[in-house]
Each structure stands twice: as structure tokens, then as C-alpha cells.
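Single-letter residue listing:
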Amino acid sequence: MSDQYSNEPMLDMFVFETTQLIEQLEQIILTNEKGSCFTPSAINEIFRIMHTIKGSSAMMMFTDISVLSHTMEDLFYYLREEKPNYIDCSKLSDFLLEGVDYIKGEIDKIKSGDDTANNPSELIKTLKEFLVTLKTENNSIALNKVNSPVKKPQYYIRQEKSITTIYNNIYKAIIYFEEGCEMENIRAYTIIHNLKDITDDYYFLPEDIIDNDNSAEVIRQQGFQIYFKADHAYDSMHEFFMQTIFLRELDLIQLENDNEYKHLYEKKQSNIDSINILQNNPIKIPEIHNMNNAGMDKEKQASVTTQSIISVSIPKLDKLMDLVGEMVIAEAMVIQNPDLKGLEINNFQKAARQLNKITNEIQDLVMSIRMVPLSATFFKMHRILRDMCKKLGKEVELEIIGEETEVDKNIIEHISDPLMHLVRNAIDHGIETTEDRVSMDKSKTGTVTIEARNAGSDVLVIIKDDGRGLDRDKILNKARKSGLLYKREEEMSDKEIYNLILLPGFSTKEVVSEYSGRGVGMDVVSKNIETIGGSISVDSVTNKGTTITLKIPLTLAIIDGMNIKVGKSCYTIPTISIKESFSPKEKDLILDPDGNEMIMVRGKCYSILRLHKLYKVSTHITKFTDGIIIMVEQEEKTLCIFADELLGQQQVVVKALPEYIQKLKRVRGLSGCTLLGDGRISLILDVAGLINI
Amino acid sequence: MENSTEFLLEGEEDTQKGRFLTFSLDKESYGIEIKHVTEIIGIQEITEIPELPQYVKGIINLRGKIIPIMDVRIRFKKEPREYNDRTCVIVVDIKNISIGLVVDRVSEVLTIPEQDIVEPPQMNKGHGNRYVRKIGKVGSDVKLLLDCEKLLTDDELEDIRVGM
């Protein structure tokens, strides 16, 4: 394979673009399948996508992808041109999705550097057969348009480049370069040089492009004309020419027969004559010419809009993020420098405020760069839904709300799998079979709703189904058997019971199905969500459905934190979990016989956690009345943390504890650390962890 | 000192071969391979992290990077000593893990030719020399050449249990 194409940035770009196109394609297919058949605009769009993928993959030398996409393109060309009445839509969607999956798989392989390509020939064969059946079924219509079916075969790409010199198609191309690009003759020669790969039967005007410098002038005025024969379809030739640098205008015409071609060939000495003949001879411009131009326009438009977006590698963003974090700290070090204390420096203060404003803005901006809407993740679920419905014979609709909600890129990566799992669960376990639904007076089609919305510094992702709901007794039974009950049954609220399913090793499904029931279900989901600092809760109403709520932090990188002091150490509590802070009064404090310290606040009793005792920090503030109590809440559990004093609230950049320390031990109640304005390190408390100590 | 180390790091891998940064704890002199050493800094404020084995003193902020600090004295079960202005932190990078090692004093960078490096004597009992990989002879002195990876990984679980 040609080495010059395998350079990394281009490959990255290819992978990125193709992935996007494939996602787009999948969405189109799914929306159209719902609407019972493909709309003309969808057909055009799919055609365009396949066309682009074909082109770029061919350029990157991924022949398998290109051949497959070409076959799909053919199919859609037929659909677009012939508008057949009868199309087996679900079959078509199946084929398309199969193709989409294949390309996805290949892209994944390319990403991981694995070059054992699967052969798509089987799929291509079925696609072609499908096209043939389509054609025969719609024969009557096709007959009306005499030309097309005859012309059709030429659109098949030759899988092996045959070395025959008999070419099927004859083209005439007139190329105009952009004004002022200079050296038109050399550029023209480049085209000819490239064309040699495609055909050896060609002829061009002006002829003496290399020897005669004046030919540049001729090209400038009359364009560069090429007549050639090739096996390639019009599209691919068009694309071939469109790749030319500094191309201003391209007239690519497919000639009906080779009369004028021969004619020209014989008369190739006379430029003017040949042009005259051309003008006098009837030439047939295939319909696709116009269509394709429209397509190209559209493509251009699309590329104009995508031009304003660039893809940046995540490590670079992470690095930027780190640097901004450091800058914020450095800024604080300058502005709060102890050397400045007591000095009257108005101008400095002014400049410092300005600097502060700018750094804050930069920080916000960097944060926002990393924010990505959830839509892509959500739309993936359409596919899962479709596949499962087909396999399980259920009718389920997916409703998506609030997909524009943005979360940090890191988090998106972490919730994709859990979400997939939950949707599968909802369809497999939640939604009943159609017969069951009808017999229960429910609408025939089940509904799964995925909803996202902002709630403070968290995002709530809610997965709801209107199925049979969770079976309380079954869960209890199972929990009893596996010894997962942590309370007495009678004391447990329904919600607590439902949340049992999140515990490890819990799966009520007796039969393992393809999609769920292996016993590593919900606990993996909940673990995944926990690793990103989120939480999960389950609620259910029998025969009405199940609701699973994921609470996910907006971002992992920067949080609002309250800094507190204990002895010489400094800790940060995420502001979001703080309910209130207060200095306790002696009379509210309670000590029970077991030595547990508690405090009464507005008639409710909360236990107190002495931070200095927990982390063995030496401090002289040990009496509650000398220090401060911070009441924190997480998942409806409340705890009072006792500390020396509050230092103040600030936005902190969350840094993970060094890997070495994480490997040594998972410290209870610590989720990370952050740098304070003076360069000191503060440990970030994990409220959920503290509550469960 | 820092400058000279960085200068050395710029050289090829070969020029680092056989070169050791030596430091002292009590009377003994130790050496670590120069290729592991990132930089040497003075002792600075260490943020303690609870519940860790004693020899992990905590973390420091090294120009925005959070780096764990290990007190080599305690790691080698020697008596802890007050830090003073001679106390140094050698920042090493071992298998992409950065860690600072607190030592009494950094001495110098030495080239020890291969023929002067010998195997440590076999101990019959205990694990007295598990961190010492080789012994280097320099003149009449003996340098204990440390196995940095073992310093980080060896028997940690056991140590944590002891530390708890």
C-alpha cells in the first residue's frame, strides 16, 4: 500500500469523519424505518454519505470499505433515480445496518491498528442480489426509462482492476483552474499523470503542456480538456477530478458513443476543429451530472459549516486544563503574595483584578470546550432498541428528552455502557410482550424514555419504561437467598428494596438471555456510575413501569468547594453536598452511652464525625463549641462534619491522588486533592464515602 | 545540583549507564541509577494523607503536579529524623510513576564501572537486602545500589498491614 497515505493525521481525520458519517447514517436509517419508508431526501442523504465514505476510504486505501460503500451507493442510486414503488423497507434497513456495522467494525480495527480486514464480499453479494430483486420487482417502471437499466452495470466498481484496454465509458472533462494559481500547464500535467492510473486511453488539449509554456495561457482561457475512456463510473471520475488542487470549475461529460472520441483522436492536431465538432455533435449529459452538482453544492455547504469545527485530541485538552489550573494557582500566588501585605499599591490591585477576570474567563472557556451534548450517546440507543425489538418480538418506542444537555467528555465515555445496559434491561425485563400488554389494557407499544436535565452541578439521566415494573417479592426472595438484606424486611421501604438490585451478584432473571441476566448487571452499572462520582437510584410501580435515575456530575475537573481547616491540614467539601454550617451550642449536643456523639438540629438528630479523629490530625480544637459543624447530605443521608474553621468557598481544580497512593490504599472518604491559592494541597472529601463509614 | 542532573539527563541513554546518584542515610551511602532521577528539590511542606503506611509521608505540589513522598529512612526501618536544610527530596520516575524520596543528604553523581559492581551477599534470614540490588565499590567506600522498582512495589501489602 502506498506509504504516503498512511500518515497519522490523515488517518485520524478519516476515522473521525467516517465515524461521524456512519453515526449520521445510522440515525437516518432508524428514523426512516419508523416512518415506514425512506423519504427522497433521506435517500439522497444516504447516497451522499455512502459516496463520501467511498471516496475517502478509497483514498486511504481501505478497499473493503470502499467497495462495500460503493455497492450501497449503487443501491441508493437506483432508489433515487428510479423511485421504485415497491421497496422492502425493513429488509433494506437490515442490509444497511449490516453494512454500517461492518464499516464500524473496520473503523474500530483501523483505530486499534489491527489490519486483519474482514471480507465484506458476502454482504456485497446480498446487497447486489437485493438490488437485482428490486429491479425485477419494479421492472415495469424501469422499462419506461429505457436508458437507465442498460447503463446501470457501469456503476459497479471492478473489484480487481482488469488490465483490459477496452473501457466502457468515455468522458470529456474541461477543467478550469483558479485565477492566479500559475503554472496551469504543470497542474494539468499532474492530472494527466494521475489519470494514467485509471486509464491508458486518453487525449488532452492543449497537447504540448510540458514543452510549451504558452499552453498555460491557453488553459487559462479555454480550460484544459481531457478526453478519455475509463471503466470508472461517472461519480468516481467526477470525484477524481474534484480532488484537483486550485480547481475552479469542472465540466465532466459522459459521451454517448465513441464516434467523436475517435474523431478527435484522428484529428488531434487541430484544436479548433475538435472543439467545433464537439459543439456540433450531440452529446448526452447524464442526468446524474446535474444531480451530482447539486450534491456537490450541498457537500460544499456542509464542508463550509464543518470547517468551523476542528477536532482536538483529548490529551491536549487535558493538558490545557492542567495548565489553566496551574495558571489560576500561580495567579493567586502573585496576587496574594505575602510580600505585598500592607502595601498601598492601587495600580497593582487594578491590574490584578483585570488578570483575575481574564483567568476566570479562560477557565470557564476551557471547561466549556470539554462539554459535549449527550445526544450522540442517546441516539445510539435507537439502534439497540431496534435490534432488540426485532429479536424479542416486542414493540417498543424510544423517547428522548433533553439530549442537548451537555456534560464533560470524560463523563460521556463512562455513561455510554451503563446507559446501554439500562435500556437493554428496560426492554428485556421491563416491557411486556405485545400480547401481555394488550391483555392488561395497555397500549400495544411500550415506551422507553431517556431524559436528561440539569440539576445544579449535576445532570440527571432518567431511564423510564412503562413495563411491568419490579417485582418486590421476587427481589426480597432473592436478596434473602443471597444474604443481601442489610435490614429487617419489615423495616425496608419499597425504594430500599428496589435499590437492592444494585448490589453485586443480583439478577432476578432466571433465564440468561442474549441481552441480560448474567448476574453482572446492575452492580456493574452502579459501579461505573460511582467511579465518576455519580449515584443511581431505582423506583418502580407494579405494572406501571420502572424509573432509574442516574445522577452524574457535570464535570470531574472543576468543582465548587468549601475549604475547611483541621489542625494544619486543609480539606475541601463539594459545596453541592453542603446543607448548612453552624457553630453548635452546648445544649444541642448529645452523647449516647456507646460514645456516639450527636447533635440536635431543629428537632432532628444527626451523628457527628470528628474529622481530626478520623484522620488522626493533631489540633487543639476538640470541643464542638470551639469549632464549626458542616452538615452534608448525600442520597438523603445526612452527616455532620466537625472541623476547626471554614476557610472559604472557591472553585477548585480536582486532581486525582497520585497513582502510587491509590494503589497503596483507597483512603476512606477522600476523592482527590486540589491546589489552593497559596500552592498548598487540600484533600477533597468524598461525602458519600464519609457517610458510609 | 539540579542543573547538573538535568544536564546529565539530556545525554543519551548510554552516557547514563553506570552512573549513580548517591545519597546518605545515617552512615550508609546509597546509589540509584541516574536514569530514574528527574530532579532534586529541597524539602518542602508535605500534605499528609491519612491511613497510609508510615513511610509514605504524604503529597507535595511540584509545580502543579501532585507527587507522593516516601521517607526512605522509614522505608528502611531506621529511626525517623527531623528534617533540616540538608534534607533533600529526590524525585524519581519509575515506570511512569513519579515519587519523591526523602533522604538525609544527596552526595554526588558517580560513575561506577561494571567490574566494580558486585552482587550483595546472600543473607540467610530475613529480607535485609531486598531493596539492595548490587553493591558498588568506589575507592574504599561501598555504595548500596538500590532497586527502585522494589522500593515502590515490594511487599507493600504486608507493610500496609503492619502499618495499620
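Anything mentioned here points back to the structure above.
The structure reproduced in this document is the subject of the present report. Numbers given for residues are sequential positions, taken from 1 along each chain in its written order. Chains carry letters and ligands carry numbers; both start at the beginning, A for chains and 1 for ligands, and go up in the order they are written. Residue-level local features of this predicted model are given only where pLDDT is at least 70; pairs of side-chain atoms are given and counted only at 80 or more, and the full residue set underlies all totals for whole chains, interfaces and linings.

Let us now look at the overall build of chain A. Here a strand is any run of E in DSSP of at least two residues, a helix any run of H or I of at least four, and the numbering for each starts at the N terminus. Each helix and strand counted, chain A has 24 helices and 22 strands in total. The exposure label follows from counting other C-beta atoms within 10 Å of a residue's C-beta, where the C-beta atoms are placed from the backbone and the thresholds are 20 or more for buried and 12 or fewer for exposed, leaving partly exposed in between. Taken over 693 residues, chain A has a buried fraction of 32%. Once C-beta atoms are placed from the backbone, any two residues with those atoms within 7 Å are in contact. Of the contacts formed within chain A by residues at least 6 apart in sequence, a portion of 70% connects residues at least 24 apart.

Right, let's get into the environment of Asp-318 of chain A. Turning to its location among the elements, Asp-318 of chain A is positioned in helix H14 (residues 314-335). A tally of 14 C-beta atoms within 10 Å means that Asp-318 of chain A is categorised as partly exposed.

Tallying the contact residues gives 22 residues for chain A and 20 residues for chain B. Listing elements by their share of the side of chain A that touches chain B, those giving two or more residues are H14, helix H23 (659-664), strand E21 (670-675) and strand E22 (681-685) of chain A. In this classification, Asp, Glu, Lys and Arg are treated as charged, Ala, Val, Leu, Ile, Met, Phe, Trp, Tyr, Cys and Pro as nonpolar, and every other residue, Gly included, as polar. Taken together, the residues that form the side of chain A that touches chain B break down as eleven nonpolar, three polar and eight charged.

On to helix H16 (residues 375-392) of chain A, then. Each α-helix turn comprises 3.6 residues. Residues three or four places apart therefore point the same way. Residue and element names in this part refer to chain A. Here H16 is 18 residues long and its end C-alpha atoms lie 26 Å apart, about the 26 Å a rise of 1.5 Å per residue gives. Inspection of H16 places Thr-377, Phe-378, Met-381, Leu-385, Arg-386 and Met-388 among the buried residues, and these make up the whole buried set. Trailing H16 by a residue or two, Gly-393 shows a phi angle of about 65°, which is positive. Multiplying 1.5 Å by the residue count of a helix minus one yields the expected span of that helix.

Residue and element names in this part refer to chain B. Phi at Glu-51 takes a positive value of approximately 70°, unusual for a residue other than glycine. Checked against the element boundaries, Glu-51 lands in the loop between strand E3 (37-42) and strand E4 (56-62). Residue Glu-51 is classed as partly exposed on the basis of its C-beta count, with 18 C-beta atoms lying within 10 Å. Phi at Lys-77 is positive, roughly 60°, even though this residue is not glycine. Among the residues examined, Lys-77 registers 10 C-beta atoms within 10 Å and is labelled exposed.

A separate point is the sheet that holds strand E1 (residues 169-177) of chain A. All names here are of chain A. The criterion for strand pairing is that DSSP finds at least two bridges linking the strands in question. Taking strand neighbours across the sheet as the criterion, the four strands line up as E2-E3-E1-E4 in an open arrangement whose pairing is antiparallel. Single-partner strands in this sheet number two, and they are strand E2 (202-205) and strand E4 (247-255). Each adjacent strand pair in this sheet contributes to an overall mean axis angle of 15°, direction not counted. Two strands pair when backbone bridges link them, and E1 and strand E3 (residues 224-230) are joined in this way by seven bridges, in the antiparallel orientation. Opposite Ile-170, over in E3, you have Lys-229 as the bridge partner. Note on method: axes are straight lines fitted to C-alpha atoms, helices fitted across the in-contact stretch only, with angles between N-to-C directions ranging 0 to 180 degrees.

Along the polypeptide, Arg-668 of chain A turns up in the loop between H23 and E21. Note: C-alpha distance between Arg-668 of chain A and Asp-686 of chain A (18 residues apart in sequence) is 8.2 Å.

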